[in-house]
Amino acid sequence: MIGIIDYGMGNLFSVSKALERLDVPYKVGDRPEKISECDGYILPGVGAFPDAMKALGDHGFIPFIKEKVNEGVPIYGICLGMQLLFESSEEGGQTEGLGLFPGTIVKFPGVDENGSSYKVPHMGWNRLNIHQPDKGLLNEVGEDFVYFVHSFVVQTDHREILYATSDYHLEVPAIIGRGNLVASQFHPEKSGEPGMRLLENFCKVMVKQ
Amino acid sequence: MLSKRIIPCLDVKDGRVVKGIQFVDIRDAGDPVELAKVYDQQGADELVFLDISASHEGKKTMIDVVRSVASELAIPFTVGGGIRTLEDIKETLRNGADKVSLNSSAVQRPELITEGADYFGSQCIVVAIDARYDEDLKLWRVYTHGGRTPTDWEVTDWAQEAVRLGAGEILLTSMNKDGEKTGFDLPLLEAVQKVVSVPVIASGGAGSSEHFYEVFTEVDADAALAASIFHYKETSVMNVKSYLKERGVTVR
């Protein structure tokens, strides 16, 4: 059973339907006690980082997520749900995150090394560069295109957590992982076949049903 | 590097696709979900659904269409047509759409762009602009209400204002080119590309694969939208993409 963490800031509908298509049992809960016994969790997220951290706290999920990570329960953060797992973000002033991955979230500068400007958000289909193909999450996931839409990006010195990146004027961390905690900057449920395969790998390979 | 996006557009009235789409092997050619699936299989990068229902019931039906599309497809889609309030935006996005497209309502009440962007983020808010060239004044004028109502806005001014207010993307239709199948309106697109920092979707005028190549290489449009050439099988998304790929344009 997968628990979808509902703190009021995710596109839960599309994620839920994607799990239904994969025939994965799930439940959605807006308080930890409603989904405390699940085998794995999905942390979705759309919106602004400070609002999301506040909402996570209001719903009582901050200690819950940290506890589950300590216990080694698989968790998959999507989009903003991935960014929340890092130490902090500069979105809307400096805001503290969950600190479960080393690194911070910064805005795309919008200007490259040569001084020419580029468009922000990073929006559209971009190719994955896979760095750790042996990870279970990446079973049969190739250097495919996935759908990104974000203005803030992960900055980290810890290359060992980068399962895959993508190039958009800088190296964009696309799939992150350490142990049973994994995440993607893009929406797997909106990224065609490779995205669905990632979700399936998480739900059926990483999570023991 | 980002791939160039090809976006088929479907007009939906009272829950059915109109404009007579000619695909084979579809039992019910008016079903938006079935058609969306075909386009998905052909490699469409995104879809736009334009609700042209006039009635309140028709609008309600659109929400069912949104839910069905989001239930069955794993590609992003935009919904436009008749979205007038923040409540409309919320309802559309919560039922599974990834973006909403605002047109007349944004010109009438520009704060709607900001309200939507503040609530859901700019990436969810597309501002659709219909523009026609004014021969006397030598400028592109913005029209609303399906091209029936001229406004005082010049297109680059309105595009910049829309972005300043929070638009995350501009869907730019040339009324001069729309339906002509003689190619996209490159001067119009170039003028808007120069002044905005968000992705621009080219619309109006697609008649062949070559036209997509032109719009991607000559004005560096981020995406291109078309309706009839795909609906009437004059070409397919797949054909356009292989044409582009052969010529070195990055496509998915």
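- If you look chain B up in an unreviewed UniProt entry, it shows as Imidazole glycerol phosphate synthase subunit HisF from Halobacillus yeomjeoni.
- Its UniProt record, at the heading Subcellular location (unreviewed entry), says of chain B: "Cytoplasm".
- In its Pathway (unreviewed entry) section, UniProt records this for chain B: "Amino-acid biosynthesis; L-histidine biosynthesis; L-histidine from 5-phospho-alpha-D-ribose 1-diphosphate: step 5/9."

- In the nomenclature of an unreviewed UniProt entry, chain A is known as Imidazole glycerol phosphate synthase subunit HisH of Halobacillus yeomjeoni.
- Heading Subunit (unreviewed entry) of the UniProt record for chain A holds this comment: "Heterodimer of HisH and HisF."
- According to its UniProt record, chain A has this under Subcellular location (unreviewed entry): "Cytoplasm".

## Quick word on the overall build of chain B
Item 1. Looking only at helices and strands, chain B has ten helices and eleven strands in total.
Item 2. Computed over C-alpha atoms, the radius of gyration of chain B comes to 17 Å, within 12% of the 18 Å expected from 2.2 N^0.38 for 252 residues, which places it in the range of a compact globule.
Item 3. Each principal axis of the C-alpha atoms in chain B carries an extent, and together these give about 50 × 45 × 35 Å.
Item 4. Looking at chain B as a whole, 59% of its 252 residues are labelled buried.

## Here we look at the pattern of salt bridges
Should the charged atoms of two oppositely charged side chains come close, the side chains can pair.
All names here are of chain B.
Item 1. Per the counting criterion, the structure on display carries 28 salt bridges over all chains.
Item 2. Linking Lys99 and Glu169 is a salt bridge whose minimum nitrogen-to-oxygen distance equals 2.9 Å. With Lys99 in strand 5 (residues 99–102) and Glu169 in strand 9 (residues 169–174), this residue pair connects regions lying 70 residues apart in the sequence.
Item 3. Salt bridges sharing partners connect three or more residues here, namely Arg5, Glu46, Lys99 and Glu169.

## Things to note about the interface of chain B and chain A
Item 1. Contact residues are listed per partner, giving 36 residues for chain B and 24 residues for chain A.
Item 2. In this assembly, chain B packs against chain A so that about 2300 Å² is buried in total across both faces, 58% of it on carbon and sulfur atoms.
Item 3. Among the residues of chain B in contact with chain A, Leu2, Ala74 and Arg252 of chain B are the three that bury the most area, contributing 26% of the side total.
Item 4. For Asp222 of chain B, the salt bridge is made with Lys119 of chain A, and the minimal N-O distance between the two is 2.6 Å.
Item 5. Counting every contact that joins chain B to chain A gives 13 residue pairs in polar contact (both at pLDDT 80 or more).
Item 6. Elements represented by at least two residues in the side of chain B that touches chain A include exactly helix 2 (56–72) and helix 3 (86–94) of chain B.
Item 7. Of all the elements, helix 2 of chain B adds the most residues to the side of chain B that touches chain A, at four residues.

## Brief notes about the sheet that holds strand 11 (residues 152–155) of chain A
Residues and elements named next belong to chain A.
Item 1. One open sheet accounts for four strands, arranged 6-5-7-11; its pairing is mixed. The open sheet terminates on both sides in strands that have one partner only, identified here as strand 6 (95–96) and strand 11.
Item 2. Relative to strand 6, strand 5 (residues 88–89) runs antiparallel, the two sharing two bridges. Residue Ser88 lies in a different strand from strand 6, and its bridge partner there is Glu96.

## A look at the packing of helix 6 (residues 155–165) of chain B against helix 7 (residues 186–195) of chain B
Residue and element names in this part refer to chain B.
Item 1. For the pair helix 6 and helix 7, the least separation of the axes is 9 Å and the interaxial angle reads 40 degrees. Crossing handedness for the pair helix 6 and helix 7: right-handed. Along the contact surface, helix 6 presents Val155, Thr156, Ala159 and Gln160, while helix 7 presents Leu188, Ala191, Val192 and Val195.
Item 2. Tallied by class, the residues present in the contact of helix 6 with helix 7 amount to six nonpolar, two polar and no charged.

## Notes on the UniProt feature "active site" (unreviewed entry) in chain B
Residue and element names in this part refer to chain B.
Item 1. Under the feature "active site" (unreviewed entry), the UniProt entry names Asp11 and Asp130.
Item 2. Note that Asp11 resides in strand 1 (residues 5–13).
Item 3. What makes Asp11 buried here is its relative accessible area of 12%.
Item 4. Note that Asp130 resides in strand 6 (residues 125–134).
Item 5. The exposure class assigned to Asp130 is buried, which follows from its relative accessible area of 13%.
Item 6. Contacts of Asp130, omitting those with residues within four sequence positions, involve Asn103, Arg141, Val142, Tyr143, Gly147, Thr173 and Met175.
Item 7. A distance of 3.3 Å separates a polar atom in the side chain of Asp130 from a polar atom in the side chain of Asn103.

## Description of the UniProt feature "active site" (unreviewed entry) in chain A
Residue and element names in this part refer to chain A.
Item 1. UniProt tags Cys79, His187 and Glu189 as "active site" (unreviewed entry). The greatest C-alpha distance among the annotated residues, which extend across 111 residues, is 11.0 Å, indicating that they converge on a single site.
Item 2. Not counting the four nearest positions on each side in its chain, Cys79 is found in contact with Gly45, Val149, Ser184, Gln185, Phe186 and His187.
Item 3. Structurally, Glu189 can be placed in the loop between strand 14 (181–184) and helix 5 (192–206).
Item 4. Judged by relative accessible area, Glu189 falls into the buried class, the value being 3%.

## Some words on the side chain of Glu91 of chain A
Residues and elements named next belong to chain A.
Item 1. One can find Glu91 in the loop between strand 5 and strand 6.
Item 2. In terms of polar contacts, Glu91 uses its side chain to reach the backbone amide nitrogen of Phe49, at 3.1 Å.
Item 3. When neighbours within four sequence positions are excluded, Glu91 is seen to be in contact with Gly47, Ala48, Phe49, Pro50 and Phe152.

## Here we look at the sheet that holds strand 4 (residues 75–78) of chain A
All names here are of chain A.
Item 1. Strand order in the open sheet formed by eight strands is 2-1-3-4-14-13-12-9, with mixed pairing between adjacent strands. This sheet does not close on itself; its edge strands, each paired only once, are strand 2 (26–29) and strand 9 (129–130).
Item 2. Summarising the sheet, strand 1 (residues 2–5) and strand 3 (residues 40–43) pair through three bridges and their orientation is parallel. Bridge pairing in strand 3 places Gly3 opposite Tyr41.

Scoring rules and cut-offs
Residues numbered from 1 in each chain as written. Chains lettered and ligands numbered in written order. Predicted model: local features only at pLDDT ≥ 70, side-chain atom pairs only at ≥ 80, totals over all residues. Heavy atoms only, no water. UniProt positions renumbered as here; feature names shortened; annotations may be inferred. Helix = DSSP H or I, 4+ residues; strand = E, 2+ residues; numbered from the N terminus. Rg over C-alpha atoms; globule rule 2.2 N^0.38 Å. Buried < 20%, exposed > 50% of the residue type's maximum accessible area, 1.4 Å probe, protein only. Salt bridge = Lys/Arg side-chain N within 4 Å of Asp/Glu carboxyl O. Contact = heavy atoms within 4.5 Å. Buried area = accessible area lost by both parts, 1.4 Å probe. Polar contact = N/O pair within 3.5 Å; in protein donor to acceptor, adjacent residues only side chain to side chain. Pairing = 2+ DSSP bridges. Axes fitted to C-alpha atoms, helices over the stretch in contact; angles between N-to-C directions. Left-handed = near helix turned anticlockwise from the far one by under 90°. Nonpolar A, V, L, I, M, F, W, Y, C, P; charged D, E, K, R; others polar.

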